[in-house]
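Inside the fold
Given next are the chains, with one letter for each unit.
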Amino acid sequence: MRLTPRGVWWFKVLMHLMFLTPIAFLAAKVLTDNAGGDPVQYIIHYTGMGALNALVVTLVISPLAKRLKLGFLMQTRRMIGLYVFVYASLHIFAFVSLDLLFAWGFLLEEVVKRPYILVGALTYIILLLLAVTSFNRLKKKMGRSWQKLHNWVYLAALLAPIHFYWSVKSEIIEPSIYILICCGLLYLRKAKFLKQH
Amino acid sequence: MSKNTFTKGVKRQKLWDLPDNEVTPETVFKERRSIVKALGLGALGASIPGYVQAGLFDLFGEETPKNVFQSSELAFQRNSNFQLSQALTPEDKVTRHNNFYEFGTSKQDPFENAQSFQTEPWSLTIEGLVDKPIKLDYDALYKRFALEERTYRLRCVEAWSMVIPWVGFSLASLLKEAGVKSSATHVAFETLFDPDQMPGQKSRLMGGGIHYPYVEGLTIAEAMNPLSFMAVGLYGKTLPPQNGAPIRLVVPWKYGFKSIKSIVKIRVMDKQPPTSWNQLAPHEYGFYANVNPQVDHPRWSQASERSIGEGGLFSAKRIPTEMFNGYGDYVADLYKNLDLRKFY
Ligand code: HEM
């Protein structure tokens, strides 16, 4: 299926709405005092899950576009990738500001001492690099190394659900499902990984 | 740390201070929105986790439970030996930020899912190695022992804390009445098992993988310690379900999960009983679970805590965690021969 440029534009608007509404919902819930007696953990969880879900969506795009011949989907991939970064940034900002109350020394200590925080931080560094190099101008400048760098998203897709798995206090069904989903999405790309060797 | 000095033998309140008619809450038992309905949204996308679904669901206009549990006023005496200079955590935070996995694993779940919980009739039995087993029915929970108010700090293992005014009686007075046999070494506690009322006991996903019923335990010396408290109320009223109605344990020098809720059975034993979180993850949660800033949880630090007080989102404070949550004067002696790194 092909879309007219106007159609693509509308599709993008729809995608923006899809990723912005949950943030508006969260803000509304917190502002109207409907996110529990102490919303801090709620916000951290909500934004963490948002980042992870958006990451899954970015990885679903290219297999979907290929299989269903929906080329226009590829034009939304960067945008959704940037939403992964936005949610992850909110997640970390919430952790640092609301939970740690800006005790930066404590953050460093936590990153070093806690494996799940370290894994989260590594994931975030990857997302940060991808986000700052996502502009067309840079992409052109970087040439082949751009693709190389952006293949690191696959590592992020492994690390993010591991971070989730490691962070929960008990029930591991849900994080396990995410690990499986992410592994499945990487498996779909096995040809690509094999080619590189 | 509080400067209160403890005088042996907590003063009993006179029984005539207790009006009979004030202890029965006018509970409203009505159909409320069912969890199944909330989870039904799952059909829309398996990748959306339960609490986000619940969150979305809530946004469609059902966030506050329709029938809020009716608490009733209690008659009690303030015990001046157990008061704190710290400001109290506001009541609406105490009742809306709870860990009670029987009603769901997120902090707001218990408030949302527990409002129609039935506390009456209730039956609490004290059995095992005692001279005289006791059975307390609902009314007896409030009448058998003189009620007193104590303000305690509560430190959650997740590194947040509150300051809460509880109403209840000392665990020791209950155990003394039953008469603990000399062979006894431990006391085991058990929460109600009722999957029809407690959705977390029905669904593994909602209940966090805990093996129900929830069980906890103390040594006899811990149980007899004057700090150990059986709470039937908070903020002067009977406990709301999410806080462990109708009766719960409060052991303020231990992490919150030791303070078991909605208790139906207390069993005096001659060996250490199994405890729920310890069974689930023994390397993370020990039997003792004393608040200890020097022994970190394997996945996070216990050196400081976010103190939940009055005010909005940015009003919380991060304060250093105190050994035994500041109750060392009462309990440090209990552990002087114990390596607290090993017996965490
Ligand atoms: C420096 C970087 C990061 C830090 C410090 C961090 C910190 C945290 C913390 C403190 C929690 C909550 C643990 C709890 O209270 O139960 C958490 C959970 C989580 N984080 Fe992160 N995180 C980071 C990066 C990321 C990234 C990059 C992602 C996703 C792409 C992510 C996704 C999640 C998810 C899905 C959860 C689980 C939410 C839940 O249990 O409900 N995090 N993280």
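Residues numbered from 1 in each chain as written. Chains lettered and ligands numbered in written order. Predicted model: local features only at pLDDT ≥ 70, side-chain atom pairs only at ≥ 80, totals over all residues. Heavy atoms only, no water.

Details of the coordination of the iron atom of the ligand
Residues and elements named next belong to chain A. Distances from the iron atom of the ligand to its protein donors, namely H91 (NE2) and H163 (NE2), fall within the range 2.0 Å. Viewed at the metal, the six donor atoms of the iron atom of the ligand are separated by angles of 86 to 180 degrees, and the geometry they form is octahedral. You can see H91 sitting in helix 3 (residues 77-99) and its partner H163 sitting in helix 8 (residues 153-167), a full 72 residues away along the chain. Look at H91 and you get buried, because its relative accessible area is 18%. (Donors = N, O, S within 2.8 Å, 3.2 Å for Na, K, Ca; no water. Tetrahedral: all angles 85-135°; square planar, octahedral: opposite > 155°, others 65-115°. Helix = DSSP H or I, 4+ residues; strand = E, 2+ residues; numbered from the N terminus. Buried < 20%, exposed > 50% of the residue type's maximum accessible area, 1.4 Å probe, protein only.)

Topic: the UniProt feature "binding site: Mo-molybdopterin" (unreviewed entry) in chain B
All names here are of chain B. The feature "binding site: Mo-molybdopterin" (unreviewed entry), as annotated in UniProt, sits at N98, Y101, E102, C156, T191, N243, R248, S259, I260 and K261 in this numbering. Inspection of the secondary structure puts E102 in the loop between helix 3 (91-94) and helix 4 (109-113). On the basis of relative accessible area, E102 is assigned to the buried category, the value being 2%. When residues no more than four places from it in sequence are discounted, the contact partners of E102 are T191, M198, P199, G200, Q201, Y212 and Y214. Secondary-structure assignment places S259 in the loop between strand 10 (248-250) and strand 11 (263-269). Accessibility expressed as a relative area gives 4% for S259, which makes it buried. When near neighbours in sequence (up to four residues on either side) are disregarded, S259 contacts R248, L249, V250 and V251. (UniProt positions renumbered as here; feature names shortened; annotations may be inferred. Contact = heavy atoms within 4.5 Å.)

Some thoughts on the packing of helix 1 (residues 5-31) of chain A against helix 2 (residues 40-67) of chain A
All names here are of chain A. Between helix 1 and helix 2, whose axes approach to 11 Å, the crossing angle comes to 175 degrees. As far as their axial angle goes, helix 2 and helix 1 are roughly antiparallel. Each of F19, P22, F25, L26, K29 and V30 in helix 1 lies in contact with helix 2, whose residues at this interface are Y42, I43, Y46, T47, A54 and V57. Residue composition of the contact of helix 1 with helix 2, grouped by class: 10 nonpolar, one polar and one charged. (Axes fitted to C-alpha atoms, helices over the stretch in contact; angles between N-to-C directions. Parallel < 35°, antiparallel > 145°, perpendicular 65-115°, else oblique. Nonpolar A, V, L, I, M, F, W, Y, C, P; charged D, E, K, R; others polar.)

With respect to the UniProt feature "domain: Ferric oxidoreductase" (unreviewed entry) in chain A
As annotated in UniProt, the feature "domain: Ferric oxidoreductase" (unreviewed entry) corresponds to residues 49-160 of chain A in the numbering used here. As annotated, residues 49-160 of chain A has a helix share of 82% and a strand share of 0%, and its two end C-alpha atoms lie 10 Å apart.

A look at the confidence of the model for chain B
Residue and element names in this part refer to chain B. Summing up the model confidence of chain B, the mean pLDDT is 83 and the portion of residues at 70 or higher is 81%. Below pLDDT 50 for its whole length, residues 1-62 participates in 108 contacts with residues either more than four positions away or in separate chains. Our summary of model confidence lists the complex with pTM equal to 0.81 and ipTM equal to 0.78. (pLDDT = per-residue confidence, 0-100.)

Quick look at the interface of chain B and chain A
Taken together, the contacts link 41 residues of chain B with 36 residues of chain A. Buried area between chain B and chain A, both sides added, is near 3,500 Å², and the carbon and sulfur share of it is 56%. Across the contact surface, chain B and chain A share six salt bridges. Ionic pairing is found between B:R306 and A:D99, a salt bridge with its closest N-O pair at 3.5 Å. Between the two partners, chain B and chain A, sit 12 residue pairs in polar contact (both at pLDDT 80 or more). Secondary structure elements with two or more residues in the side of chain B that touches chain A: helix 2 (50-62), helix 3, helix 8 (204-207), helix 10 (276-280), strand 12 (304-307) and strand 13 (317-320) of chain B. Ranked by residues supplied to the side of chain B that touches chain A, first place goes to helix 2 of chain B with five residues. For the side of chain B that touches chain A, the residue count by class is 17 nonpolar, 11 polar and 13 charged. (Buried area = accessible area lost by both parts, 1.4 Å probe. Salt bridge = Lys/Arg side-chain N within 4 Å of Asp/Glu carboxyl O. Polar contact = N/O pair within 3.5 Å; in protein donor to acceptor, adjacent residues only side chain to side chain.)

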